Amino acid sequence: MSEEVSTQKPTSLWRDAWRRLLKNKLAVFGLCVLVFMVVAVIVGPYIVKAATGFSYDTMPTDGNLARSMPPSLQHPMGTDDAGRDLLARVLQGGRISLMVGIISTLVSLLIGVSYGAIAGYLGGFIDNVMMRIVDIFYSIPYILIVIVLLAVFGGPSTPEWIKWLSTNIGGAGNQGLSQIFLLFFALGLVSWLTMARVVRGQVLTLKNQEFVLAAKATGVSTFGIIFRHLIPNTLGPVIVYATLTIPSVMLTEAFLSFLGLGVQPPYASWGSLAADGIKNLAIFPWQLIAPGVTMALTLFSLNFLGDGLRDALDPQTRKF
Amino acid sequence: MLSFIIRRTLIIIPMALIVVTLTWGLVRLAPGNFYTGEKKLPAAIEANIKKKYGLDQPWYTQYGMMMSNIIRGDFGDSVKYQGQSVNEIITRHLPYSATIGILGYLLALLIGLSAGTFAALKQNSSFDYGSMSLAMLGLSVPNFVLGPLLVLVFSFWLYWLPPARWGGIAGLILPVCTLAAIYAAYIARLTRAGMLEVLRSDYIRTARAKGLDEKTVLFRHALRGGLVPVLSFTGPALAALLAGTVVVEKVFAIPGLGNIFIQSVFNRDEPLILGIVAFLSILIMVFNLIVDVCYGFLDPRIRYE
């Protein structure tokens, strides 16, 4: 017994959480599917191109014959109504969908975490005002605002700074890419509220602990305390909540793309592919099923992983 | 309690005005206008249109006029659907959205509450795992994928239900089920978590110790406490229900408010956009207030300041 104790390494919070996560079969399943999906959308388009010669925008050479073909060996997911290989398009669309999900979540993290931490640490009047603003935003039907935002700023009237970003970071200044960059911010701007509340709550419990007092005593600035000492300690709940924000952002992106407000041609996301597929539903159902099921599977895994992470990182709020 | 309700009711008005201002600002900040199209209008016609809609005034005068009209409950006429007032359009299209919205939420409550309660009572049983996996699936399938899939199976393959036809119960089944799926999933998960927590609490032990039969313990005592998380989901659910009805109305070609809103946004029909946003914001805030009042009935430990 004593030998066992002496040889055991001290377990950190993260190692502990990781062990608990691995015990949760559903979360591990989610993690595996997710890793597979990420690898697939990154390298998949090249493999498909090498194996069959199709990329997401390859138009068929044999004209009308290749349009809306059912799944076959050559086209595992069939072709769309322009004759393009659907597997290549679903993989390419996955890149956009996952990218929108992750980057918008990062934008919301950036805003929500700083906002919540500042409000929580400063406290008093400032905290009161900042949280009242969050309350007001909460009761706004944000989906209406996002629809208005994307409709009026989408397409040709994208703000210059978004165009600049998409030219310099995205590599192409065309309208389609600007629209995707607009999506990052529009979706990030509406999903930071809960994050701000979560982080504020965490900071409120942390700010009276000794390490903050020690930092203050050694002369660390307020800015330093918030961003170097407090925020790293809120990482657990932030990771959990971020994992659950990604699927909800991806759902919103798909919803907007379905309405024609989100991702625009020449780009495609799972949402816009599904929206295209609905048009031919009665005759060529695979055009909806292929992107729809891929998306559902990804969201399914993300939700399971998020649930598992919550149980692993925060055993107290475990849902039994 | 009464002062709480009054205070909250009074707050709704400035909040709705903030939402309207925000929307107005967004629509105005964007380049272009509702009359700008492919073809450039002759200058004289443009000047006339601007004069008619007061667009030649400075922005603060326009804002003031818009606000004073809205405060008096007059949203003006739609600029796209000539001669129809915004209030008229809203009252004409609201019943469709309200029907599927209310029926969808009731169905979700029915399925979610019963599945969640049963899963909590039979924790770790195969029913528990099955229904919770199904709930997770419900959360992960976007409704614009689910709706068409239901149409595919029940209309095109089985010929049981019409793919899109308003009127009669048959035409309502698919839209309502599509709308309800995701909320049923949410409610089932919330109910299960809430019930599991309540069933372990002291007052349930007390109730059992008093010798109450299991039915009374469950329905009179446990369900009340277990419902609190479901109730707090009602506010966000209503906001999300709006997005849901937009999709369902589009998939099943129902002429509801959601469809009209999307149209008005694409048309840059400013009075109609502002009218619908203001109407729906107030609706959501009123519901949130009702929810907050209901807390007290479910959980007597909650006090209002």
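Now for a look at the structure at hand. The shown structure was predicted, so the numbers you read here are calculated from the model rather than taken from an experiment. (Residues numbered from 1 in each chain as written. Chains lettered and ligands numbered in written order. Predicted model: local features only at pLDDT ≥ 70, side-chain atom pairs only at ≥ 80, totals over all residues. Heavy atoms only, no water.)

Take the environment of B:Ser232 next. All names here are of chain B. As for its position among the elements, Ser232 is in helix H10 (residues 228-251). By relative accessible area, Ser232 is classed as partly exposed at 34%. In this structure the C-alpha to C-alpha distance between Ser232 and Ile169, which are 63 residues apart in sequence, comes to 31 Å. (Helix = DSSP H or I, 4+ residues; strand = E, 2+ residues; numbered from the N terminus. Buried < 20%, exposed > 50% of the residue type's maximum accessible area, 1.4 Å probe, protein only.)

By a widespread convention, an interface's size corresponds to the accessible area lost as its parts come together. Every contact between the two is made by 40 residues of chain A and, on the other side, 51 residues of chain B. Carbon and sulfur atoms make up 85% of the area that chain A and chain B hide from each other, which totals about 3,900 Å². Our enumeration of links across chain A and chain B arrives at one salt bridge. As a salt-bridge pair, A:Asp307 and B:Arg189 come within 3.2 Å of each other at their nearest N and O atoms. Put simply, chain A and chain B have three residue pairs in polar contact (both at pLDDT 80 or more) between them. At the level of elements, helix H6 (142-153), helix H12 (235-258), helix H13 (270-279) and helix H14 (286-313) of chain A are the ones that each hand at least two residues to the side of chain A that touches chain B. It is H14(A) that provides the largest number of residues to the side of chain A that touches chain B, a total of eleven residues. Each residue belonging to the side of chain A that touches chain B can be placed in one class, and the counts come to 31 nonpolar, six polar and three charged. (Contact = heavy atoms within 4.5 Å. Buried area = accessible area lost by both parts, 1.4 Å probe. Salt bridge = Lys/Arg side-chain N within 4 Å of Asp/Glu carboxyl O. Polar contact = N/O pair within 3.5 Å; in protein donor to acceptor, adjacent residues only side chain to side chain. Nonpolar A, V, L, I, M, F, W, Y, C, P; charged D, E, K, R; others polar.)

As a further point, take the packing of helix H4 (residues 86-121) of chain B against helix H12 (residues 270-298) of chain B. Residue and element names in this part refer to chain B. Running from N to C, H4 and H12 cross one another at 55°; their axes reach a closest spacing of 10 Å. Between H4 and H12, the interaxial angle falls into the category oblique. In terms of crossing hand, the pair formed by H4 and H12 is right-handed. Residues Val86, Ile89, Ile90 and Leu94 of H4 lie in contact with H12, whose contacting residues are Pro271, Leu272, Gly275, Ile276 and Phe279. (Axes fitted to C-alpha atoms, helices over the stretch in contact; angles between N-to-C directions. Parallel < 35°, antiparallel > 145°, perpendicular 65-115°, else oblique. Left-handed = near helix turned anticlockwise from the far one by under 90°.)

A separate point is the packing of helix H3 (residues 25-52) of chain A against helix H4 (residues 86-122) of chain A. All names here are of chain A. Direction vectors running N to C along H3 and H4 enclose 145°, while the axes themselves pass 9 Å from each other. For H3 against H4, the interelement crossing comes out left-handed. Between H3, through Val38, Ala40, Val41, Ile42, Gly44, Pro45, Tyr46 and Val48, and H4, the contact on the second element is made entirely by Leu87, Ala88, Leu91, Gln92, Gly94, Arg95 and Leu98. Looking at side-chain class alone, the contact of H3 with H4 contains eleven nonpolar, three polar and one charged residues.

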